[in-house]
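In case you want the letters, here they are:
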Amino acid sequence: MVPLGTRGSPAFQTPTMSRVTKTPPSGVELFDVHHLRLAEGEAPELPPEHVAARDRVWDTAVRANPTLFDGPVVACAELRWEAPHTLFLRWAPVTYRHYALRRVPGAASLPSLFVNAVQPTDEGRVLVVRMSPSTAAPGRWQLPGGSVEPPGGGEVLDEAALRGQAARELAEETGVDVKPDELRLWTVTRGENSSIGLTYLAPARPEAELRERFAAVVAAELAEGREPELDELALVRSPDQLADLAGPHVDYLEPIIRRYAQAPLQPGA
């Protein structure tokens, strides 16, 4: 049985070519989305043997990297077109442990859901960052961002809340403060493990400011005796410049940089 939200699932209607861009060889899809409508759902119930196998995989991962944290996150339970440029997204609360199911033969796991931000410079380059050695993806280059978190008591997960989470991730990881309403949903990606990424475009900033703010974040973490989540910043103008960045690259990075290089857009454009 194909998990909800994955390629080939009835829960995801194949978009028309006017609304989706396929980017081989990465296999990442970019969806032309302007609005989202969200509703809460539930993760599928697991048989006991899959629960036990999941927990064994997770415990092994934690022994290898004790910094891993089984915190609450949101997975994608359903994704389909609702109107032109509007996606309906049903989300389900899980924890990071849920994604250990990817390594359990025969088990079904929901796709992860994350937000990230394209932070351009005044000169048209894009800020990319590298994960530090203590993270779950050491040395990986990506955009600033993180997993979507479930809403707190009395709150809702809607477009405004997602913009708020994207703004918070940008500030925490790079020191760039931006108001949530200054971010615009720029594209939605679907990549490895059918993971869904919500990419927001931030207002352009001077290169010197971006470097200074990122350096301050790293210095503050080190002063507190903590290894920063991100340890390096780079500014790139084209996919070709990504080749100069040693280490793995997250699957959506090249398609996002390529799209921005071809048609750089600012919020409100």
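Scroll up for the structure.
Because the structure is a prediction, the values reported are computed rather than measured.

Conventions used here
Residues numbered from 1 in each chain as written. Predicted model: local features only at pLDDT ≥ 70, side-chain atom pairs only at ≥ 80, totals over all residues. Heavy atoms only, no water. Helix = DSSP H or I, 4+ residues; strand = E, 2+ residues; numbered from the N terminus. Buried < 20%, exposed > 50% of the residue type's maximum accessible area, 1.4 Å probe, protein only. Contact = heavy atoms within 4.5 Å. Areas by Shrake-Rupley, 256 points an atom, 1.4 Å probe, with all protein chains shown as cover. Phe/Tyr/Trp six-rings, centres within 6.5 Å; stacked < 30°, edge-to-face > 60°. Lys NZ or Arg CZ within 6 Å of the ring centre and 35° of its normal. Pairing = 2+ DSSP bridges. Axes fitted to C-alpha atoms, helices over the stretch in contact; angles between N-to-C directions. Core = buried A, V, L, I, M, F, W, Y, C linked by side-chain atoms within 4.5 Å. Expected span 1.5 Å × (residues − 1). Arc of directions from axis to C-beta.

(A) Layout of the overall build of the chain. Along the chain, the regular secondary structure elements total five helices and twelve strands. When the 269 residues of the chain are sorted by exposure, 46% land in the buried category. Of all intrachain contacts in the chain linking residues separated by at least 6 positions in sequence, the fraction that spans at least 24 positions is 68%. Approximately 12800 Å² of the chain is accessible, and the part contributed by carbon and sulfur atoms is 53%.

(B) A look at the packing of aromatic side chains. All told, the structure shown has three aromatic pairs when counted by the stated rule. Relative to tryptophan 81, the ring of phenylalanine 31 has its centre 6.3 Å away and its plane inclined at 80 degrees; by these criteria the two rings are edge-to-face. One end of the pair, phenylalanine 31, is in strand E2 (residues 28-31); the other, tryptophan 81, is in strand E4 (residues 72-83), and 50 residues separate them in sequence. In this pair, the class of phenylalanine 31 matches that of tryptophan 81, namely buried. A cation over an aromatic ring shows up here: arginine 259 above the ring of tryptophan 186, its NZ or CZ 4.2 Å from the ring centre.

(C) Fine view of the sheet that holds strand E5 (residues 86-95). Spatial strand order, E3-E5-E4: three strands in an open sheet with mixed pairing. A strand with exactly one partner marks an edge of an open sheet, and here the two such strands are strand E3 (35-40) and E4. Direction aside, the axes of adjacent strands within the sheet are offset by 30 degrees on average. Relative to E5, E3 runs parallel, the two being bridged by six bridges. For leucine 38, the partnering residue across the bridge sits in E5 and is leucine 89.

(D) Summary view of the nonpolar core. Ranked by internal contacts, the top residues of the largest apolar core, which has 38 residues, are Val33, Leu36, Leu162, Val188, Leu198 and Tyr200. Look past the residues within four positions of leucine 36 in its chain and what remains in contact with it is Leu87, Glu159, Leu162, Leu185 and Leu198. Counting 20 residues, the second largest nonpolar core, distinct from the first, contains Val126, Leu201, Val236 and Tyr260.

(E) Examining the sheet that holds strand E7 (residues 126-131) more closely. If you walk across this open sheet you meet the three strands as E8-E7-E12, and the pairing is antiparallel. Of all strands in the sheet, those bounded by a partner on one side alone are strand E8 (141-142) and strand E12 (230-236). Pairing of E7 with E12, which is carried by six bridges, proceeds in the antiparallel orientation. If you follow valine 126 over to E12, its bridge partner there is valine 236. Its contacts with the sheet place helix H3 (residues 207-223) against E7 and E12, and it is angled at close to 170 degrees to E12.

(F) Highlighting helix H1 (residues 48-64). With 17 residues, H1 extends 25 Å between its outermost C-alpha atoms, agreeing within 8% with the 24 Å of an ideal straight helix rising 1.5 Å per residue. Taken as a whole, H1 has its buried residues at His50, Ala53, Arg54 and Trp58. Seen end-on, H1 carries its buried residues on one side only, within an arc spanning 135 degrees. H1 presents Pro48, Glu49, Arg56 and Arg63 as exposed residues on the side facing more than 90 degrees away from its buried surface.

Nothing here speaks to function; it is geometry throughout.
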